[in-house]
Amino acid sequence: MIKLNEVSKIYKSGTNEIKALDKVCLTIEKGEFAIVLGPSGSGKSTMLNLIGGMDTVSEGKLEIDGEDITKKSAAEMENYRRDMIGFVFQFYNLIPSLTVRENVDIVTSLTKNHLNVDEILDSVGLKERKSLFPFNLSGGELQRLSIARAVVKKPKILLCDEPTGALDTQTGIRILRLLNDIARENDITLIIVTHNSNLKDIGDTVIQLKDGKVENIEKNTSPIEIEQVEW
Amino acid sequence: MKHLFIKTFRDVKTYWTQFLGVFFMTLISIAIYGGMAVVWHGLDVSVEKYMEESNLANQWIYTMGISDEDMAKLETDEGIKDITYSTSIRGELKQTNQFIELTALSNDRFMKPYLIKGQKYDAESTGIWLDKKFAEENKLNPGDKLNIKYEENKKEFEIKGIVLNIEKMFFTGSSLLSMPDHKNFGYAFISKESLNDLAPFYPYTEIRLGQDFNLSESKLESVFEDKYLFFEKLEDKNFLDRVEKESDQMMKMSILFSLVFILLSALTMYSSMSRLITNQRTIIGTMKALGVKARKIKLHYGLYGLIISVIGSIAGLLLGPKIIPPILIRVKETTVTLPYWNLVNHNSVYLIITVLVFICTFASIKNTGKILKQVPAKILRNTHNMDRVVKKGFLEKIDFIWSRLPNGLKWTLRDNSRNKVRFLMGIIGVLGGMVLLIAGLGVTKSIKSSNDYIYTEQSKYDYISEIKRSSNYEEVFQDIDGDKEFNLTLPGTALKDDKTKNIVITASEDKGMILYKNLNDQEIKLDNEDVLITKKLAEQLGIGVGDIIKVKIKGIGEDSLKITRITGNLSPQGIIMTKDKYEKSFADFMPNLLLSKGSSLNAIEENKQVLYTTTRNQQLHQADKLAESVEAIMYILILASVVLVVVIIYTLSNLNYIEREREYATLRVLGFRKNEIRSILLNDSTLTVIIGWIVGIFTAAKFLDIYLKIVAFDSVEWVSYLDNKALAIATSIVVGVSLSVVFLLSSRIRKIDLVGSFKSVE
Ligand SMILES: Nc1ncnc2c1ncn2[C@@H]1O[C@H](COP(=O)(O)OP(=O)(O)OP(=O)(O)O)[C@@H](O)[C@H]1O
Ligand SMILES: [Mg+2]
């Protein structure tokens with residue numbers, strides 16, 4: 001369970017203060033699929049980064065499974081990212097000098113309890129691409145690889161910042177499908193950030209941000225199938 | 001345009017470590033070269049001025065004595081008005097066993113003592129003009145009295161002035177001294193009358209003539225008949241030749257080292273600047289997309305390189321001549337005495353500045369141009385150098401090895417093959433560091449080990465004495481007990497085809513005081529037909545066994561000699577033969593050196609015909625002292641090398657780091673710990689260091705060899721000697737710097753702004 005309690009993120013530059021997040025309160029249940037929506041600059045990425053332990057909270061409490069991660073030391077945060085978090089970027093951030101397989105394999109050194117590299121690559125449909133380099137892949141393939149890399153270490157939480165932002169509709173749908181399936185299969189809490197409000201119906205929880213504040217939280221009892229989304 | 005300027009300065013702030021690297025590299029290169037150049041060029045210029053101020057003669061004529069008739073012949077028959085006659089004797093200070101070479105001049109037309117203090121030299125005065133160094137060492141001043149003895153005569157002189165004699169800038173007092181002993185040996189000018197008070201009827205023996213007259217050998221023979229010895233022209237004078245060589249040596253030392261400096265700096269700066277530009281590709285793409293003219297964009301980035309290298313060069317040009325000359329000149333002044341040593345910039349330093357500035361500017365402009373050739377969309381899209389295709393290298397084809405490598409190493413290897421230039425630069429950085437440090441440390445070591453060879457392997461005597469030359473030496477020195485060997489060493493020239501070299505001709509009794517060894521280090525016993533040539537001279541003249549060379553000895557004669565063997569003896573470089581062979585080819589054997597073993601020092605020193613005696617140990621000590629003057633130069637170079645190595649390794653590693661920072665950040669997000677990422681960095685560095693180190697050692701050995709060959713005077717061969725200590729020091733510096741840089745950079749991994757590093761696409 002992820003619980004944000006009056007979480008604020010304040011950026012200071014000189015005398016200026018920017019409240020990227022302003023006393024945000026929300027809860028995401030374990031195994032849920034959450035969609036974070038909002039206009040540009042509303043604080044979506046900021047929130048995701050805080051949950052992912054990539055940045056520090058300015059004020060408030062951020063509890064993961066009942067533990068306040070704002071109290072953790074830098075080394076504890078390293079472990080937190082290692083054991084708990086999987087991250088999928090908009091621009092993939094793969095390592096160009098490693099092959100498809102190696103890009104995933106390198107993560108397996110982080111934990112004993114990981115998925116089988118070849119199986120996960122097969123399941124994201126990169127079976128035939130294992131010995132290619134990222135340079136040789138298409139955008140959709142790159143994102144699938146990026147997903148495989150994120151889930152191979154069996155994270156508890158999978159965070160995706162605009163995972164379909166750089167992709168066409170068809171490919172986007174396939175990526176979302178894949179994320180959803182993998183999360184379900186492995187009991188992973190999935191949070192996807194997007195500015196595409198058409199996607200709101202596919203999540204279990206839909207969080208609307210605006211100007212750093214939560215504008216609306218909706219629980220969606222019967223999410224629609226991803227393929228039915230109108231883009 | 002104004003905005004672009006402002007942008008340049010903002011970028012300087014952002015990339016300041018990079019710019020600082022370029023700045024320091026230009027600074028060091030220019031400071032070292034410029035600082036050394038002002039010394040050697042200053043020496044050339046100062047000597048030229050000194051020559052002019054001393055009215056240096058153009059022709060020197062040596063005779064066994066000049067009578068009044070001879071003078072009349074020259075002045076009336078030949079019509080020569082301007083002549084300076086001179087003669088010298090070796091006087092002794094009464095109690096102290098100090099020697100002063102006394103010179104009397106007829107006038108100072110072509111030999112003007114350079115006045116330091118006191119009165120101007122007067123050829124009629126009864127006073128004495130004393131050499132500055134001797135005066136300093138013995139705390140003598142104008143007005144003081146000196147009691148001088150010559151054989152049985154004594155005379156008291158009042159010091160009228162303190163002077164320097166240009167012809168004695170390398171004065172040591174004895175041919176056995178390689179460094180001056182100013183405390184015990186001095187020189188002075190007195191009048192002819194005073195000289196004759198000490199040495200009655202002692203005639204003038206030398207003549208100095210100016211530019212206007214030039215007497216030929218045959219004319220001199222007809223005037224002086226058999227009293228004529230030989231003449232020398234300006235270009236034959238040993239001290240001028242030597243001072244030229246000193247300046248030449250300093251020049252070569254600085255050029256060779258600076259060349260490596262400049263090469264390394266240029267390469268590093270080139271990659272630094274081009275990488276910097278590549279990091280700006282998004283901005284370049286944007287500017288192009290916004291319609292800024294390509295020329296303007298190039299100019300803008302050209303400014304980067306230009307400004308930073310110009311500032312570095314100016315700083316070097318200002319600093320070098322402040323820091324280096326005081327050290328260098330102090331060391332050089334232990335052997336050469338000049339009234340002044342002006343510092344003059346050599347034009348070549350401007351050429352080097354131009355080259356460095358050009359490289360920096362060119363690197364920026366060229367890389368900007370390369371990026372600009374692409375369409376904006378492509379420039380902007382391609383953010384992570386993804387255009388550099390990864391290919392499977394040779395190693396990867398050997399699956400059996402490859403599949404066993406850890407991912408981190410595979411990554412490093414592929415990255416290096418993808419960025420060959422970067423990888424190569426890293427290796428060159430390490431290699432260059434090894435070369436500079438090993439050579440810097442090895443030069444003095446080599447010189448000292450060569451000295452050791454000369455004075456322990458090659459020489460076996462206890463004492464060596466300079467003696468007055470005579471044919472009945474056996475009799476004259478019979479009081480001296482122990483083993484004795486008489487040798488004659490004379491300066492001369494060797495001629496082969498069109499090559500001429502100043503050499504030393506040795507005629508030896510060969511009784512084992514000096515060993516001659518062949519190139520396999522086996523002892524050679526001279527026989528009466530033998531003519532040995534030393535190895536370095538043989539190489540310089542292109543001579544082999546069986547070749548004929550022409551050997552000339554000043555004032556004695558010349559002969560063509562057939563070389564029978566080559567000897568590996570290091571010093572002096574020249575021709576060696578037995579006394580019998582010498583007598584057959586040149587003249588009576590009248591030795592000037594006595595080498596002795598097991599003799600009593602008292603007996604040697606008491607003998608009136610012994611001019612100066614020293615021990616083998618003392619000679620070794622002096623030679624090592626001389627090597628220390630080279631050492632001082634080396635310390636400057638080593639220090640500069642260390643700084644350069646730090647700057648280069650840091651700059652290159654930093655570039656690598658910047659280029660891969662995003663990848664490291666990704667790893668951090670994936671959950672890699674700081675030390676795990678550090679070991680990846682370390683992997684990368686280790687590979688570079690190992691390769692650079694191995695290649696560096698071989699290159700360094702070769703460089704040291706070449707360096708010693710080029711830098712050594714002709715009279716001695718220096719054999720390169722690479723000791724483990726130098727190797728260990730160089731290795732620990734290079735490896736230490738590389739490791740420290742890795743740790744420094746890895747501390748940055750912790751501080752990576754995980755959010756920020758993904759946000760920006762540049
Ligand atoms: N490092 C920073 N320094 C200062 N302000 C920042 C920083 N990072 C983000 N902000 C500000 O915080 C606010 C929220 O930014 P955030 O990146 O979370 O928005 P977002 O919702 O992800 O927008 P988008 O949809 O465009 O990605 C913005 O107003 C932004 O300007
Ligand atoms: Mg965002």
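How each quantity is defined
Residues numbered from 1 in each chain as written. Chains lettered and ligands numbered in written order. Predicted model: local features only at pLDDT ≥ 70, side-chain atom pairs only at ≥ 80, totals over all residues. Heavy atoms only, no water. Helix = DSSP H or I, 4+ residues; strand = E, 2+ residues; numbered from the N terminus. Rg over C-alpha atoms; globule rule 2.2 N^0.38 Å. Buried < 20%, exposed > 50% of the residue type's maximum accessible area, 1.4 Å probe, protein only. Contact = heavy atoms within 4.5 Å. Areas by Shrake-Rupley, 256 points an atom, 1.4 Å probe, with all protein chains shown as cover. Patch = residues over 30% accessible without salt bridge, like charges linked within 9 Å, V, L, I, M, F, W, Y side chains within 5 Å. Salt bridge = Lys/Arg side-chain N within 4 Å of Asp/Glu carboxyl O. Lys, Arg positive; Asp, Glu negative; His and termini not counted. Charge placed at Lys NZ, Arg CZ, Asp CG, Glu CD. Arc of directions from axis to C-beta. Pairing = 2+ DSSP bridges. Axes fitted to C-alpha atoms, helices over the stretch in contact; angles between N-to-C directions. Core = buried A, V, L, I, M, F, W, Y, C linked by side-chain atoms within 4.5 Å. Polar contact = N/O pair within 3.5 Å; in protein donor to acceptor, adjacent residues only side chain to side chain. Parallel < 35°, antiparallel > 145°, perpendicular 65-115°, else oblique. Left-handed = near helix turned anticlockwise from the far one by under 90°. Nonpolar A, V, L, I, M, F, W, Y, C, P; charged D, E, K, R; others polar. Domains from an automatic or database assignment. Phe/Tyr/Trp six-rings, centres within 6.5 Å; stacked < 30°, edge-to-face > 60°.

Time to look at the overall build of chain A. The number of helices and strands found in chain A is 6 helices and 10 strands. Computed over C-alpha atoms, the radius of gyration of chain A comes to 17 Å, within 12% of the 17 Å expected from 2.2 N^0.38 for 231 residues, which places it in the range of a compact globule. For the C-alpha atoms alone, the extent of chain A along its principal axes is close to 50 × 45 × 35 Å. Looking at chain A as a whole, 56% of its 231 residues qualify as buried. Contacts in chain A between residues at least 24 apart in sequence constitute 72% of all its contacts with a sequence separation of at least 6. Of the roughly 9900 Å² of accessible surface on chain A, a fraction of 44% belongs to carbon and sulfur atoms.

On to a negative patch on the surface, then. Residues and elements named next belong to chain B. Among the surface-exposed residues, D44, E48, E52, E53 and E244 lie close enough to one another that they form a single negatively charged patch. Here the negative patch takes 4 residues from helix α2 (residues 16-53), the largest share from any one element. Its relative accessible area of 31% is what places E53 among the partly exposed residues.

This part is about helix α3 (residues 68-77) of chain B. All names here are of chain B. For α3, the set of buried residues is D70, M71 and L74. Viewed along the axis of α3, the buried residues span an arc of 100°, placing them on a single side of the element. Across from the buried face of α3, at angles greater than 90 degrees, the exposed residues are D68, E69, T76 and D77. Looking at the buried side of α3, the elements it contacts are β1 (59-66), β2 (83-93), β9 (204-209) and α6 (217-224). Positive backbone phi, at 70°, marks G79, one or two positions downstream of α3.

Within the secondary structure, N367 of chain B sits in helix α10 (residues 348-372). Ignoring any residue separated from it by four or fewer positions in sequence, one finds N367 of chain B in contact with Y270, S274 and I277 of chain B.

Residues and elements named next belong to chain A. Within the open sheet, the 6 strands sit side by side as β6-β7-β8-β3-β9-β10. Their pairing is mixed. Edge positions in the sheet fall to β6 (85-88) and β10 (213-219), since each has one partner strand and no second. Pairwise comparison of adjacent strand axes, ignoring direction, gives a mean angle of 15° for this sheet. The pairing of strand β3 (residues 33-37) with strand β9 (residues 205-210) spans 4 bridges and is parallel.

Here we take up a nonpolar patch on the surface. A grouping of I690, I691, I694, V695 and F698 of chain B is seen on the molecular surface, where their side chains present a nonpolar patch of about 440 Å² in accessible area. For F698 of chain B, the location among the structural elements is in helix α21 (residues 674-711).

The subject of this paragraph is the nonpolar core. Ranked by internal contacts, the top residues of the largest apolar core, which has 248 residues, are I191 of chain A together with M169 and Y707 of chain B. No other element matches helix α20 (residues 616-670) of chain B, which puts 23 residues into this core. What M169 of chain B contacts, discounting residues up to four positions off in sequence, is V47, Y50, F239, V243, T335, V336, T337 and L338 of chain B. Membership of the second largest hydrophobic core comes to 32 residues, among which are I467, L488, V531 and I549 of chain B.

This next bit is on the interface of chain A and chain B. Listed as interface residues are 27 residues of chain A and, on the opposing side, 29 residues of chain B. If you look at where chain A meets chain B, you find 3 salt bridges. A salt bridge links R668 of chain B to E78 of chain A; the nearest nitrogen and oxygen atoms lie 2.7 Å apart. Across the contact surface, chain A and chain B share 10 residue pairs in polar contact (both at pLDDT 80 or more). Secondary-structure elements contributing two or more residues to the side of chain A that touches chain B are α2 (74-84) and α3 (100-108) of chain A.

As a further point, take the packing of α2 of chain B against helix α9 (residues 294-332) of chain B. All names here are of chain B. Across the interface, α2 lies against α9 with an axial gap of 5 Å and an inter-helix angle of 40°. The pairing of α2 with α9 is recorded here as oblique in orientation. As for the relative orientation of α2 and α9, their crossing is right-handed in sense. Looking at the contact of α2 with α9 residue by residue, the class counts come to 21 nonpolar, 8 polar and no charged.

With that settled, the discussion passes to the domain arrangement of chain B. How big an interface is tends to be reported as the loss of accessible area on association of its parts. Partitioning chain B into domains gives domain 1 (1-55 + 233-383), domain 2 (59-213) and domain 3 (469-608). Distance from the C-alpha centre of domain 2 of chain B to the C-alpha centre of domain 3 of chain B: 31 Å.

This paragraph deals with helix α1 (residues 44-51) of chain A. Residues and elements named next belong to chain A. Of all the 8 residues making up α1, 7 are buried; the element is thus mostly covered by neighbouring parts of the structure. Turning to α1, its buried residues are K44, T46, M47, L48, N49, L50 and I51. Downstream of α1 by a residue or two, G53 has a phi angle that is positive, lying close to 70°.

Our focus in this paragraph is the pattern of salt bridges. Residue and element names in this part refer to chain B. Going through the model one piece at a time under the given rule, you end up with 47 salt bridges over all chains. The partner of D82 in a salt bridge is R109, with the nearest N and O atoms 3.3 Å apart. Of this pair, D82 sits in the loop between α3 and β2 while R109 sits in the loop between β3 (99-105) and β4 (114-118); the two residues are 27 residues apart in sequence, bridging distant segments of the chain. Under the relative-accessibility criterion, D82 is labelled partly exposed at 34%. Look at R109 and you get partly exposed, because its relative accessible area is 35%. Residue E232 pairs with K237 through a salt bridge whose shortest N-O separation is 2.9 Å. Side by side, E232 and K237 carry an identical accessibility label, which is buried.

Our next topic: the packing of aromatic side chains. Residue and element names in this part refer to chain B. Counted by the stated rule, this structure contains 19 aromatic pairs over all chains. Between F358 and F362, the aromatic rings sit 5.4 Å apart at their centres with planes inclined by 15°, giving stacked as the arrangement. Taken together, the positions of F358 and F362, both in helix α10 and 4 residues apart, correspond to about one turn of that helix. A relative accessible area of 52% places F358 in the exposed class.

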